[in-house]
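For reference, the chains in residue letters:
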Amino acid sequence: MDSLDALFSLRGHRGLVTGASSGLGVECAHALAIGGADVALVARRADRIEKLAAELKKKYGVHTYATACDVTDDAAIDRALASIRAELGEIDILVNNAGISPTGPAEKFPRKDWDATIATNLTAPMVLSQKVAARLIELGRPGRIINITSVLAAHGSAVYRLSSYTATKGALANLTRQLAIEWARYGILVNAIAPGWIPTEATAGGIAKPKWRERMETFTPMARLGKPEEIRGAVIFLAAPAASYVTGSTIAVDGGYQAW
Ligand SMILES: NC(=O)c1ccc[n+]([C@@H]2O[C@H](COP(=O)([O-])OP(=O)(O)OC[C@H]3O[C@@H](n4cnc5c(N)ncnc54)[C@H](OP(=O)(O)O)[C@@H]3O)[C@@H](O)[C@H]2O)c1
């Protein structure tokens, strides 16, 4: 690997990004396309992912495909994976980004919100990882899985009341380690990215409250929120040849939040 291209090119690969209809998922999709990978996009809002697919194709000259999918529905995942395979070929980079973060006091946190968070933030990444990995193992091909966790995988939230979110992100961080161990023998590398506070639809409400925003910035050594596009470099690295000896790791993209 003696050139930038050899280290970081994703050409010849096909990536799938979940939750690509807004926020960090859009940025993960840009990252893979910048690297030269063909990109499949899934989320429930079809209009948004179709628009992004067209934008990525035009801007980066890669093949793209968008298909609406609720990642909590196993049958919908099967349909999406089959159509992606038919349109783009075999996925060898999976970015489990889709996530929800319902808030509420732990003592009366609604069971339906708890269940929905487990289904979206934990079970869906497991099911998608299983299905993608099983196929790669069957074909004898290597691959990459990138789970988007959070600084709140390792800490409670100092801003929001987020019991289901922190529980699922902590679990996803440890699932990342377990899958890394089990699948290293197949050349399937599994890592995570833990973002700090970044403005997206999910965080807009809190950021709009001056006191909450101040808390987010105070707890961040760089004293500012992240920009959504600041996640791109970590995605490219973890998908690229440069990360060939990296598995079971988490890259924090958090302005130093976890350094305290
Ligand atoms: N922003 C931050 O500060 C921050 C910090 C740490 C970690 N994160 C993590 O980063 C990831 C992206 O968050 P974000 O901030 O970009 O939030 P966002 O803008 O609200 O995006 C969430 C995405 O998840 C998708 N999604 C949710 N439920 C889904 C389902 N059942 N099926 C398919 N897609 C689903 C949404 O698409 P549809 O609604 O169209 O289905 C949307 O594209 C999440 O895992 C989040 O926990 C964010």
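Worth saying up front: this structure is predicted, and the values here are computed from it rather than measured.

A look at the overall build of the protein
For step 1, the next point in the chain: Helix and strand content of the protein: nine helices and seven strands.
For step 2, the next point in the chain: Its C-alpha atoms give the protein a radius of gyration of 18 Å, near enough to 18 Å, the size a compact globule of 260 residues would have.
For step 3, the next point in the chain: Its C-alpha atoms give the protein principal-axis dimensions of about 50 × 40 × 35 Å.
For step 4, the next point in the chain: Every one of the 260 residues in the protein was classed for burial, and the buried ones make up 49%.
For step 5, the next point in the chain: Carbon and sulfur atoms make up 53% of the accessible area of the protein, which amounts to about 12000 Å² in all.
For step 6, the next point in the chain: Charged side chains in the protein number 29 positive and 25 negative. The centres of these two groups are separated by 3 Å.

Digging into the environment of Ala6
For step 1, the next point in the chain: Tracing the chain through its elements places Ala6 in helix α1 (residues 4-8).
For step 2, the next point in the chain: Owing to a relative accessible area of 31%, Ala6 belongs among the partly exposed residues under this scheme.
For step 3, the next point in the chain: C-alpha of Ala6 to C-alpha of Ala240: the two residues are 234 residues apart in sequence and 8.8 Å apart in space.
For step 4, the next point in the chain: When residues no more than four places from it in sequence are discounted, the contact partners of Ala6 are Met1 and Pro241.

Topic: the sheet that holds strand β2 (residues 38-43)
For step 1, the next point in the chain: One open sheet holds the seven strands; their spatial order is β3-β2-β1-β4-β5-β6-β7, and the pairing between them is parallel. Either end of the sheet is taken by a strand with one partner, and the two such strands are β3 (64-68) and β7 (250-253). Direction aside, neighbouring strands of the sheet carry axes that sit 15° apart on average.
For step 2, the next point in the chain: Bridge count for strand β1 (residues 14-18) against strand β4 (residues 93-96) is three bridges, and the pairing is parallel.

Rules used in this analysis
- Residues numbered from 1 in each chain as written.
- Predicted model: local features only at pLDDT ≥ 70, side-chain atom pairs only at ≥ 80, totals over all residues.
- Heavy atoms only, no water.
- Helix = DSSP H or I, 4+ residues; strand = E, 2+ residues; numbered from the N terminus.
- Rg over C-alpha atoms; globule rule 2.2 N^0.38 Å.
- Buried < 20%, exposed > 50% of the residue type's maximum accessible area, 1.4 Å probe, protein only.
- Areas by Shrake-Rupley, 256 points an atom, 1.4 Å probe, with all protein chains shown as cover.
- Lys, Arg positive; Asp, Glu negative; His and termini not counted.
- Charge placed at Lys NZ, Arg CZ, Asp CG, Glu CD.
- Contact = heavy atoms within 4.5 Å.
- Pairing = 2+ DSSP bridges.
- Axes fitted to C-alpha atoms, helices over the stretch in contact; angles between N-to-C directions.

Interpretation note: all reported values are geometric properties and have no functional meaning in isolation.
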